[in-house]
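Structural features, examined
Spelled out from the first residue to the last, the chains are:
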Amino acid sequence: MKTVKTTFSEGIPQALAKGHCPICALIAEFQERLIAGTQSCEISALCNYHAWSMAKAAPADMAARIFVQLVDRTRDWRPSDPDMECSFCERVDEHELARMEEMTEQFERAPIREWMKLQGSFCLRHARKLNDSLPEDLRDLVVQITVRSRAELKDELTSLLAHLRSGDRTGWGVLGRAAEFLTSQRGMRR
Ligand SMILES: [Zn+2]
Ligand SMILES: [Zn+2]
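The structure contained in this document is the topic of the report that follows. (Residues numbered from 1 in each chain as written. Chains lettered and ligands numbered in written order. Predicted model: local features only at pLDDT ≥ 70, side-chain atom pairs only at ≥ 80, totals over all residues.)

Another point: the overall build of the protein chain. The number of helices and strands found in the protein chain is nine helices and zero strands. The order of helices and strands in the protein chain, counted from the N terminus, is α-α-α-α-α-α-α-α-α. Seen through its principal axes, the protein chain has C-alpha atoms that stretch 55 × 50 × 35 Å. Sorting the 190 residues of the protein chain into buried and exposed places 24% on the buried side. Residue pairs at least 24 apart in sequence account for 71% of intrachain contacts in the protein chain once pairs closer than 6 positions are excluded. (Helix = DSSP H or I, 4+ residues; strand = E, 2+ residues; numbered from the N terminus. Buried ≥ 20, exposed ≤ 12 C-beta atoms within 10 Å, placed from the backbone. Contact = placed C-beta atoms within 7 Å.)

What follows is about the environment of Arg-177. With respect to the helices and strands, Arg-177 occurs in helix α9 (residues 174-183). Look at Arg-177 and you get buried, because 21 C-beta atoms sit within 10 Å. Once the C-alpha coordinates of Arg-177 and Gly-19 are considered, the two residues, 158 residues apart in sequence, prove to be 7.1 Å apart. The residues touching Arg-177, leaving out its near neighbours within four places in the chain, are Gly-19, His-20 and Leu-153.

On to helix α5 (residues 87-106). For α5, built from 20 residues, the straight-helix expectation of 28 Å at 1.5 Å per residue is met to within 8% by its first-to-last C-alpha distance of 29 Å. Every buried residue of α5 is listed here: Phe-88, Arg-91, Val-92, His-95, Glu-96, Arg-99 and Met-103. One side of α5 holds all its buried residues, which, seen down the axis, span an arc of 140°. Away from the buried face of α5 by more than 90 degrees, exposed residues Glu-94, Leu-97, Ala-98, Glu-101 and Glu-105 are located. Here the buried face of α5 lies against α1 (12-15), α2 (22-36), α3 (48-57) and α7 (124-133). (Expected span 1.5 Å × (residues − 1). Arc of directions from axis to C-beta.)

Next up on the list: the nonpolar core. Judged by nonpolar contacts, the single largest core of 25 residues is most densely connected at Ile-23, Ile-27, Phe-122 and Cys-123. Those elements giving two or more residues to this core turn out to be α1, α2, α5, α7 and α8 (136-165). In terms of residue count, the dominant contributor to this core is α2 (seven residues). (Core = buried A, V, L, I, M, F, W, Y, C linked by C-beta atoms within 7 Å.)

With that settled, the discussion passes to the environment of Ala-55. By the secondary structure assignment, Ala-55 is in helix α3. Since 13 C-beta atoms lie within 10 Å of it, Ala-55 is described here as partly exposed. Taking C-alpha positions, Ala-55 is 8.9 Å from Phe-67, a pair spaced 12 residues apart along the chain.

Coordinates in, geometry out; function isn't part of it.
Here it is, written out as structure tokens:
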């Protein structure tokens, strides 16, 4: 069973890491807490991604208890029943909204803007959302950050391909960052 990280430092400034979207990082951390059971959440249904995360990574007694409840709920199931909303997805949506608001506020601070400009990244989803919420004069910066990140990713991917041709897996971590850049953190609803 995968070890679930239970220590975390919530907040945009703590989540800044070169090459990673800070909002995705905080969402990943939040999901780990949901799966570890350290973040309270009433569960009435789970989507494909969150059910499998629970099966693979949650403490076994917690996962078993929750699956008993969910399986019990299917007692009167009929094929025509609509799918229920995933409880984790609903919580992740709320968390994303709160972190986006925090990012918008943090972006007003010059040191954060400067750091993001030189080293930071946003995934395309969060760049788009941030662009929608920022005042006009800051939107260009989001585009600059995204253009730089994209170019860096392309370089790293090209260099990984060159390494792989000689059987060397150096730099394979860029694959996860490319997935994040293109589609944001796993488990997000579109
Ligand atoms: Zn993101
Ligand atoms: Zn879900």
